[in-house]
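Chains, contacts and geometry: an overview
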Amino acid sequence: MFYNDLYIVIFKIMSTNQYKSKIKKVLQEKNSAHTLESIVLEMSEKGFQKQIIYDLFHEIYREENDDSKIDPLLDILDRLVGWCHKQAILLPDEEVKQG
């Protein structure tokens, strides 16, 4: 049982790193907002909790220096925590702690 749990943790870490690279690549595009939203939904469908998704986007936000890339990240972070119109909230059935 221990090895199975360890495998799941390692898989999640590897997957999170792959998503981090994917998000950074998407941020190079001019209109990245829709694609970033799709990544959030994809991660949720693959079993990532909202908090993990939020933490990943927040980590990328903290590392980013380009204002044109920060705005789409802030939009996603706002939608994850609910600082937006009620219909725009991402993954509304899960709670998230802001970091």
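Residues numbered from 1 in each chain as written. Predicted model: local features only at pLDDT ≥ 70, side-chain atom pairs only at ≥ 80, totals over all residues. Heavy atoms only, no water.

Another point: the pattern of salt bridges. Applying the stated rule across the entire model yields 5 salt bridges. Notably, a salt bridge pairs Glu 59 with Lys 20, separated by 2.5 Å at the nearest N-O pair. You can see Glu 59 sitting in helix 3 (residues 50–63) and its partner Lys 20 sitting in helix 1 (residues 2–26), a full 39 residues away along the chain. We note a salt bridge from Lys 20 to Glu 63, for which the minimum N-O separation is 3.0 Å. (Salt bridge = Lys/Arg side-chain N within 4 Å of Asp/Glu carboxyl O. Helix = DSSP H or I, 4+ residues; strand = E, 2+ residues; numbered from the N terminus.)

What follows deals with helix 2 (residues 33–45). With 13 residues, helix 2 ought to run about 18 Å at 1.5 Å a step, and its terminal C-alpha atoms sit 19 Å apart, in line with that. Of all the positions in helix 2, only Leu 36, Ile 39, Val 40 and Met 43 are classed as buried. On an axial view of helix 2, the arc spanned by its buried residues comes to 100°, and they lie on one face. Among the exposed residues of helix 2, those oriented more than 90 degrees off its buried face are His 34 and Glu 45. Gly 47 sits one or two residues past helix 2 and shows a positive phi near 100°. (Expected span 1.5 Å × (residues − 1). Buried < 20%, exposed > 50% of the residue type's maximum accessible area, 1.4 Å probe, protein only. Arc of directions from axis to C-beta.)

To continue, consider the side chain of Lys 50. Mapped onto the elements, Lys 50 comes out in helix 3. Summary of buried charges: Lys 50 has no salt-bridge partner, and the nearest side chain of opposite charge, Glu 95, is 7.0 Å away. Within the structure, Lys 50 has its side chain in polar contact with the backbone oxygen of Leu 80 (distance 2.8 Å). In contact with Lys 50, not counting residues within four places along its chain, are Leu 80, Ile 89, Leu 90, Leu 91, Pro 92, Glu 94, Glu 95 and Val 96. (Lys, Arg positive; Asp, Glu negative; His and termini not counted. Polar contact = N/O pair within 3.5 Å; in protein donor to acceptor, adjacent residues only side chain to side chain. Contact = heavy atoms within 4.5 Å.)

The terminal C-alpha atoms of helix 3 lie 20 Å apart, and with 14 residues this matches the ideal 20 Å at 1.5 Å per residue to within 8%. Of the residues making up helix 3, those classed as buried are Lys 50, Ile 53, Tyr 54, Leu 56, Phe 57, His 58 and Ile 60.

For the rest of this paragraph, the subject is unusual backbone geometry. Excluding glycine, most residues fall at negative phi; most peptide bonds, likewise, are trans. In this structure, Leu 91 is a non-glycine residue whose phi angle is positive, near 55°. Relative to the assigned elements, Leu 91 resides in the segment after helix 4 (67–81). For Leu 91, a relative accessible area of 13% gives the class buried.

Angle between the axes and distance between the axes are the two parameters that describe a pair of packed helices. Put simply, helix 3 and helix 4 touch, their axes get as near as 10 Å, and they point 155° apart. As far as their axial angle goes, helix 4 and helix 3 are roughly antiparallel. Of the two elements, helix 3 crosses helix 4, and the hand of that crossing is left-handed. Of helix 4, the residues touching helix 3 (which contributes Lys 50, Ile 53, Tyr 54, Phe 57, His 58, Ile 60 and Tyr 61) are Ile 70, Leu 73, Leu 74, Ile 76, Leu 77, Leu 80 and Val 81. Of the residues in the contact of helix 3 with helix 4, the class split is 12 nonpolar, 1 polar and 1 charged. (Axes fitted to C-alpha atoms, helices over the stretch in contact; angles between N-to-C directions. Parallel < 35°, antiparallel > 145°, perpendicular 65-115°, else oblique. Left-handed = near helix turned anticlockwise from the far one by under 90°. Nonpolar A, V, L, I, M, F, W, Y, C, P; charged D, E, K, R; others polar.)

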